[in-house]
Amino acid sequence: AQSVTQLGSHVSVSEGALVLLRCNYSSSVPPYLFWYVQYPNQGLQLLLKYTTGATLVKGINGFEAEFKKSETSFHLTKPSAHMSDAAEYFCAVSQGNTGNQFYFGTGTSLTVIP
Amino acid sequence: KAGVTQTPRYLIKTRGQQVTLSCSPISGHRSVSWYQQTPGQGLQFLFEYFSETQRNKGNFPGRFSGRQFSNSRSEMNVSTLELGDSALYLCASSRSGTAPNEKLFFGSGTQLSVL
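Basis of the calculations
- Residues numbered from 1 in each chain as written.
- Chains lettered and ligands numbered in written order.
- Predicted model: local features only at pLDDT ≥ 70, side-chain atom pairs only at ≥ 80, totals over all residues.
- Heavy atoms only, no water.
- Helix = DSSP H or I, 4+ residues; strand = E, 2+ residues; numbered from the N terminus.
- Rg over C-alpha atoms; globule rule 2.2 N^0.38 Å.
- Buried < 20%, exposed > 50% of the residue type's maximum accessible area, 1.4 Å probe, protein only.
- Contact = heavy atoms within 4.5 Å.
- Lys, Arg positive; Asp, Glu negative; His and termini not counted.
- Charge placed at Lys NZ, Arg CZ, Asp CG, Glu CD.
- Buried area = accessible area lost by both parts, 1.4 Å probe.
- Salt bridge = Lys/Arg side-chain N within 4 Å of Asp/Glu carboxyl O.
- Nonpolar A, V, L, I, M, F, W, Y, C, P; charged D, E, K, R; others polar.
- Core = buried A, V, L, I, M, F, W, Y, C linked by side-chain atoms within 4.5 Å.
- Disulfide = S-S within 2.5 Å.
- Phe/Tyr/Trp six-rings, centres within 6.5 Å; stacked < 30°, edge-to-face > 60°.

Attention now goes to the overall build of chain B. Helices and strands together make up the secondary structure of chain B, namely zero helices and eleven strands. Taken from the N to the C terminus, the helices and strands of chain B come in the order β-β-β-β-β-β-β-β-β-β-β. A compact globule built from 115 residues should have a C-alpha radius of gyration of about 13 Å, and chain B, at 13 Å, falls within 12% of that. Judged by the C-alpha coordinates and their principal axes, chain B covers about 40 × 30 × 25 Å. Scored against the burial criterion, the 115 residues of chain B give a buried share of 50%. Long-range contacts, defined as pairs at least 24 residues apart, comprise 55% of the intrachain contacts of chain B with a sequence gap of at least 6. In chain B, 12 positive and 6 negative side-chain charges are present, and the distance between their average locations comes to 5 Å.

Structural data, given as C-alpha cells:
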C-alpha cells in the first residue's frame, strides 16, 4: 500500500524567507511523486512531478523538489517566499499499475507574513 | 479551452437524503476521478472512470456511486446522506488515465453540507 505523510499541517514564513514543506512517502515500488497547490475556493493545480531521471525537479512559480530515495522524501522548497504563495499544498503519490489513482497527504497550509 | 466544470458549487442537504454531483471534464479527456476533501483528512480517492467503466475504487461505502457517460461527463451520487459526508467533492480529469504520471486537472469542487 502507498501513503504520503506531510509533516506540519501549518507552516508560516516571512516574505522573502525560505519555504520548506516536508513530504515522506511509503511505497513498495518506485513511486511517481507530485506536489499540488490549492488556492482558496479553487481546485488543485500541479506544481511539479517526479517520474524518473533527475532527482531535482523544478516546477512553476519558482518551486522545486528533490526526490531522495534513501530518505523516502520529496520535500518542496522555494528560496524566497512571496505573499502570493499563501495556499494549501498537497503531496501525492501514484503507483504505476493502478491507473489514475493518487494518494494525497493531508496538506500543509502555508502562511506568508509580510 | 474550458477547464473542469463541477456543478453545483454549493449544496445543502439533510440527513437521509440523496445527492447527485456533476462533472464535465476538459474536452478530449477520457479519465475522470472523484475525491473527497475534508479538513485534516486531505483528499481521499473515491473512484475513477474511463470510457464509461469504473476502473479504480477507493475505500468508501456503497452509498457512494458514480457513472460516466459517453461524452466523458461524470456524475457522483451519495445516497442516505450522513453528517460525516459533509465535504468538498473534487473532480479531476486527465487525458488518457493510462500513464501513472499523468497530470490531473481539477475542478473547483462542490461543497456539500449535510444538516
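More follows now that the structure is in view.
What follows is about the interface of chain B and chain A. By a widespread convention, an interface's size corresponds to the accessible area lost as its parts come together. Listed per partner, the contact involves 27 residues of chain B and 23 residues of chain A. Note on chain B versus chain A: buried area summed over both sides is about 1900 Å², and carbon and sulfur give 52% of it. Counting across the interface, chain B meets chain A through zero salt bridges. Put simply, the parts of the chain that give the side of chain B that touches chain A at least two residues each are β4 (31–38), β5 (42–50), β6 (53–57) and β9 (87–94) of chain B. When the residues that make up the side of chain B that touches chain A are grouped by side-chain class, the tally is nine nonpolar, twelve polar and six charged.

For the rest of this paragraph, the subject is the nonpolar core. Core analysis: the biggest nonpolar cluster contains 27 residues, and Trp35, Leu47, Leu48, Phe74, Leu76 and Tyr89 of chain A have the highest contact counts within it. Of the residues forming this core, the biggest block, four residues, is contributed by strand β10 (residues 87–94) of chain A.

Right, let's talk about the state of the cysteines for a bit. In protein chemistry, a disulfide is the covalent bond that joins the sulfur atoms of two cysteines. What the rule picks out here adds up to two disulfides over all chains. At a sulfur-sulfur separation of 1.9 Å, the disulfide partner of Cys23 of chain A is Cys91 of chain A. Taking the sign of the S-S torsion, -65° for the link of Cys23 of chain A and Cys91 of chain A, the bridge is left-handed. Taken as a pair, Cys23 of chain A in the loop between β3 (19–21) and β4 (24–26) and Cys91 of chain A in strand β10 lie far apart in primary sequence, 68 residues in all. With a relative accessible area of 0%, Cys23 of chain A lands in the buried category. Across a sulfur-sulfur distance of 1.7 Å, Cys23 of chain B and Cys91 of chain B are joined as a disulfide pair. In this structure, the disulfide formed by Cys23 of chain B and Cys91 of chain B twists by about -55° around the S-S bond and is classed as left-handed. Residue Cys23 of chain B is located in strand β3 (residues 19–24), and its partner Cys91 of chain B is located in strand β9; the two are separated by 68 residues in the primary sequence. For the pair Cys23 of chain B and Cys91 of chain B, one class covers both residues: buried.

Turning next to the packing of aromatic side chains. Within the structure shown, the criterion is met by 15 aromatic pairs over all chains. Look at Phe102 of chain A and Phe104 of chain A: their rings are 6.5 Å apart centre to centre, the planes differ by 35°, and that puts the pair in the tilted class. Residue classification places Phe102 of chain A among the buried residues on the basis of a relative accessible area of 1%. Here the aromatic rings of Phe60 of chain B and Phe64 of chain B are separated by 5.2 Å at their centres, their planes lie at 65°, and the arrangement is edge-to-face. One aromatic cluster is present, built from ring pairs that chain together Phe34, Tyr36, Phe102 and Phe104 of chain A together with Tyr35, Phe45 and Phe106 of chain B.

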